Every structure is written in C-alpha cells, then in structure tokens.
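# Remarks on the overall topology
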Amino acid sequence: MGIKTTKDYVKFYINLEMQDSVNLLSFINNEKMVLKHKLENKKIDKDPILNGVDILDGLIEEIKGIGEQAVLKKYSE
C-alpha cells in the first residue's frame, strides 16, 4: 500500500480532482470500506491495511472536529 500518512490520503483525494462531485468524508468512508474488504483476504500483510484504517479513522475525527475545508487546507500545504 503506497499511502502511509494522513497527508498522503488528502493529497491522493486532491489529485483525483473529485472535490466537486465527492466530498472528502465520503471519499474517506469509501476508502475505509475498501480496506476493510481487503482485510478479508488471508494472503496479504494486514499491518499496512490496519494502519490505513487507523489513518482514515483519524481523518474522520478531524473532519468532525474542525471541518472538511480546514482538514483539506491543513494537509494540502
């Protein structure tokens, strides 16, 4: 898994240029669902996936606390 930090997730979202159609929280929730499905595969290393889920959980809490625009600004700099 190439995404290892919160900043990486936000940059990935921004680089997809989908802000006009999908908000960050929806994107994060979708990514989290995808990672949880990957955990069901018994042949892969689960540590990077669990780390990704933890990062996404942290992003969700930040969005709830300071708002999506503040999170985007914080991690896009």
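Located above this text is the structure these notes cover.
Report follows, based on the coordinates. (Residues numbered from 1 in each chain as written. Predicted model: local features only at pLDDT ≥ 70, side-chain atom pairs only at ≥ 80, totals over all residues. Heavy atoms only, no water.)

## Quick notes on the overall build of the chain
Looking only at helices and strands, the chain has 4 helices and 0 strands in total. Overall, the chain shows an N-to-C arrangement of helices and strands of α-α-α-α. On C-alpha atoms alone, the chain measures out to a radius of gyration of 13 Å, which is about the 11 Å that the 2.2 N^0.38 rule sets for 77 residues. The principal-axis extents of the C-alpha atoms in the chain amount to approximately 35 × 20 × 20 Å. Each of the 77 residues in the chain was classed as buried or not, and the buried ones make up 31%. For the chain, the proportion of contacts with a sequence separation of at least 24, taken over those separated by at least 6, is 58%. (Helix = DSSP H or I, 4+ residues; strand = E, 2+ residues; numbered from the N terminus. Rg over C-alpha atoms; globule rule 2.2 N^0.38 Å. Buried < 20%, exposed > 50% of the residue type's maximum accessible area, 1.4 Å probe, protein only. Contact = heavy atoms within 4.5 Å.)

## Structural notes on helix α3 (residues 46-66)
Residues spaced three or four apart along an α-helix point in a common direction, a consequence of the helix completing one turn every 3.6 residues. The terminal C-alpha atoms of α3 lie 30 Å apart, and with 21 residues this matches the ideal 30 Å at 1.5 Å per residue to within 8%. Regarding α3, the residues found buried are I49, G52, V53, I55, L56, L59, I60, E62 and I63. One or two steps after α3, the chain reaches G67, where phi turns positive at roughly 95°. (Expected span 1.5 Å × (residues − 1).)

## Structural notes on the side chain of E31
Here E31 shows up in helix α2 (residues 24-38). Here E31 sits buried without a salt bridge, and the closest side chain of opposite charge, K38, lies 7.2 Å off (N-O distance). Look past the residues within four positions of E31 in its chain and what remains in contact with it is Y9, F12 and L56. (Lys, Arg positive; Asp, Glu negative; His and termini not counted. Salt bridge = Lys/Arg side-chain N within 4 Å of Asp/Glu carboxyl O.)

## Re the pattern of salt bridges
All told, the structure shown has 2 salt bridges when counted by the stated rule. Close ionic contact of K32 with D57 constitutes a salt bridge, the shortest N to O distance being 2.4 Å. Here the residue K32 occupies a position in helix α2, and D57 occupies one in helix α3, the gap between them amounting to 25 residues. A salt bridge links K74 to E62; its shortest N-O distance comes to 2.8 Å. Residue K74 is located in helix α4 (residues 68-76), and its partner E62 is located in helix α3; the two are separated by 12 residues in the primary sequence.

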